[in-house]
Amino acid sequence: MFDYDNDGRLDIFLVNGAPLSDPTLKGTIPQKTGPEYWNRLYHQKRDGTFEDVTEKAGLQGIGYGMGVAVGDYDNDGFEDLYVTAYGGNRLYHNNGNGTFTDVTRSAGVEGSGWSTGAAWVDLDGDGFLDLVVLRYLDWDFDDFWCGEHKDGYRAYCHPDHFKPIAPLVYHNNKDGTFTEIAEKAGLAKPAKGLGIAISDYDRDGHIDLFVANDSMVEFLYRNKGDGTFEDMALVSEVAVDVDGRTYAGMGVDFADYNNDGWPDLVVTDLANQRYALYQNNGDGSFNYVSPNAGLAQMTLAHSGWGVRFLDYDNDGWKDLLIAQGHDLDTIELNFPHLRYREPMLLARNTGHGFVDVSAQSGSVFSQSWVARGLAIGDLDNDGWLDAVVTTNDGPVHVLHNQTQTQNHWLLLKLVGHTSNRDAIGAEVELVTAAGSQFATVSTAGSYLSAGDKRVHFGLGKESVARRIEIRWPSGIRQSIKDVAADQILQIEEPPRFALSTKP
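Definitions and limits used
- Residues numbered from 1 in each chain as written.
- Predicted model: local features only at pLDDT ≥ 70, side-chain atom pairs only at ≥ 80, totals over all residues.
- Heavy atoms only, no water.
- Disulfide = S-S within 2.5 Å.
- Helix = DSSP H or I, 4+ residues; strand = E, 2+ residues; numbered from the N terminus.
- Buried < 20%, exposed > 50% of the residue type's maximum accessible area, 1.4 Å probe, protein only.
- Phe/Tyr/Trp six-rings, centres within 6.5 Å; stacked < 30°, edge-to-face > 60°.
- Pairing = 2+ DSSP bridges.
- Axes fitted to C-alpha atoms, helices over the stretch in contact; angles between N-to-C directions.
- Core = buried A, V, L, I, M, F, W, Y, C linked by side-chain atoms within 4.5 Å.
- Contact = heavy atoms within 4.5 Å.
- Salt bridge = Lys/Arg side-chain N within 4 Å of Asp/Glu carboxyl O.

(A) Broad picture of the state of the cysteines. Following the criterion strictly, the structure yields one disulfide and no others. The disulfide partner of C146 is C157, and the S-S distance across this bridge is 2.2 Å. The S-S bond linking C146 to C157 shows a torsion near 100 degrees; that makes this disulfide right-handed. Taken together, the residues span a long stretch of sequence, with C146 in strand β10 (residues 146-147) and C157 in the loop between β11 (154-155) and β12 (168-172) at a distance of 11 residues. Classification of C146 as buried rests on a relative accessible area of 9%.

Given below as structure tokens:
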């Protein structure tokens, strides 16, 4: 979900797969053979409906698409797209006139292998967005047979059958080209990466990275402030679950759900593993709190993919929305208590833990899908966050938030000048009479998805934000006082000498 034409309304971009022409030929790469396999761009019109502008925009794509990252890498004011795939990724430069140009080769970011989650983030604080691209595993089309050797029981092979592979990290050279620096940056550990999210978990002024790995230890990369990173997952206690076991890390989000000023983590996984919720202790370590927070019991029998912290009812507490569905279409043959198709999960944050409110939150939560991607944003600019969910071999679903409360809200669009124009990595604190909330500007997170870069806050019964404090990626700090609720507010990064501003 992103506003590609700067008309103030979010648009929707969808990534699609492709058929394999001849599975018997080694080295064969799936290719899009017709419009049914194209990626799709839907432009939102003034009346809230969407029109397919894929061909006009030049975004049909060519390979087996996986995920997408959104960011204005050249700071020209228009959002660009990076599409990950098996067999070659694509960087599409937004021309600002409704069209995109494939600049992958000239930019040097094609990559190789099976790429999955990606994130735009300024790794070294130079004011330009860099690009982190996860790769799933060292894959080929050799004849692997997993599952029982009888008709209908063949299954996907477990990730343990394959070797991990290092991610790709592209440094922005500020001239439209990139240099691959994974080894130099300390980000080249072989992984089985799927989800990626960003936040400054130790509040030292440098943005950090979390990588959700499938069936191996998770990674938490601490930014050392000199352009390099170190994996702190084991010492921070987020590498495994509370029992010391690895799990099938897939989707991830990195946000402060308990309003204590420290970013927390949620990671989705497969059935019988429980989704992982890590509470930030504020000293560089985390507690695995899934059981105490109520998340373990409600997710034990489910498989989660896209996940986001969001305040769906604007009460000032970040809730959880999760896309679900098992990865094995044969799962019910061997495990009758599990399901391949599953409903979405909405877990409300009470301030003391999470409760499953799916059943009373609309008929959409009674529908079973093979859901995967999940993007969050305010589609109709009414202050209530909406969602877009993709499914395997099925339609896309647009979830319109129709929650009925009198709670107030604020939606903040930050525009960087010394920092990257998207302000990705900025830390925002909002203070009302009820207390403080914190958020990080990012388009990354969830599972292979990109969401609205605008920062959303629910204010509950408070109609005024007493203060908004922003720490821009450049290090500039800005304070804005007495901001009225129920508006979309654009905030420009001030010069270094400006300490406070008025709305």
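(B) Looking closely at the packing of aromatic side chains. For the structure on display, the rule yields 14 aromatic pairs. Here the aromatic rings of Y4 and F100 are separated by 6.1 Å at their centres, their planes lie at 45 degrees, and the arrangement is tilted. Of this pair, Y4 sits in the segment before β1 (12-14) while F100 sits in strand β7 (residues 100-102), and the two are 96 residues apart along the sequence. Like Y4, the residue F100 is buried in the burial classification. Ring geometry for Y278 against Y288: centres 5.6 Å apart, planes inclined by 75 degrees, an arrangement best described as edge-to-face. Taken together, the residues span a long stretch of sequence, with Y278 in strand β21 (residues 276-280) and Y288 in strand β22 (residues 286-288) at a distance of 10 residues. In this pair, the class of Y278 matches that of Y288, namely buried. Grouping aromatic residues by their ring pairs yields a cluster made of Y73, Y82, W120 and F178.

(C) Fine view of the sheet that holds strand β27 (residues 371-377). The strand order across the open sheet built from three strands is β27-β28-β29, with neighbouring strands paired in antiparallel fashion. Here the strands that pair on one side only, and so sit at the sheet edges, are β27 and β29 (397-399). Along the sheet, successive strands turn relative to each other by an average axial angle of 20 degrees, direction set aside. Of the pairings in the sheet, the one linking strand β28 (residues 386-391) to β29 comprises three bridges and is antiparallel in character. Within the sheet, the bridge partner assigned to V388 lies in β29 and is V398.

(D) Structural detail: the nonpolar core. Judged by nonpolar contacts, the single largest core of 38 residues is most densely connected at Y82, L91, W120 and L209. Sorting the residues of this core by element identifies β8 (115-121), β9 (130-135), β12, α3 (182-185), β14 (193-199), β15 (208-216) and β16 (219-223) as the ones contributing at least two each. With 22 residues, the next largest nonpolar core counts L410, A426, L430 and L489 among its residues.

(E) Inspection of unusual backbone geometry at higher detail. The phi angle at N272 is positive, at roughly 75 degrees, despite the residue not being glycine. For N272, the position within the fold is in the loop between β20 (264-267) and β21. Of note, D486 is a non-glycine position whose phi angle comes to about 60 degrees, a positive value. Take D486: it is sitting in the loop between β35 (477-484) and β36 (487-492). With relative accessibility at 36%, the residue D486 sits in the partly exposed group.

(F) Up close: the environment of L81. Topologically, L81 is positioned in strand β5 (residues 80-86). The sequence separation of L81 and F13 amounts to 68 residues, and the corresponding C-alpha distance is 9.3 Å. When sequence neighbours within four positions are dropped, the list of residues in contact with L81 reads F2, F13, L59, V68, A69, V70, R90, L91, Y92 and F100.

(G) Molecular detail of the sheet that holds β20. Here we have four strands laid out as an open sheet, ordered β19-β20-β21-β22, and antiparallel in their pairing. What marks the edges here is a single partner per strand, and that holds for β19 (252-255) and β22. Taking each pair of neighbouring strands and ignoring which way they run, the sheet shows an average axis angle of 15 degrees. Pairing between β19 and β20: four bridges, direction antiparallel. For V252, the partnering residue across the bridge sits in β20 and is V267.

(H) Structural view of the pattern of salt bridges. Scanning all chains against the criterion turns up 20 salt bridges. Residue R40 is joined to D52 by a salt bridge in which the shortest nitrogen-to-oxygen separation is 2.8 Å. Taken as a pair, R40 in strand β2 (residues 40-44) and D52 in strand β3 (residues 50-52) lie far apart in primary sequence, 12 residues in all. Owing to a relative accessible area of 18%, R40 belongs among the buried residues under this scheme. Residue E469 is joined to R467 by a salt bridge in which the shortest nitrogen-to-oxygen separation is 2.7 Å. Judged by its relative accessible area of 28%, R467 is partly exposed. By sharing partners, the salt bridges in this structure join D202, D204, R222 and E230 into a single network.

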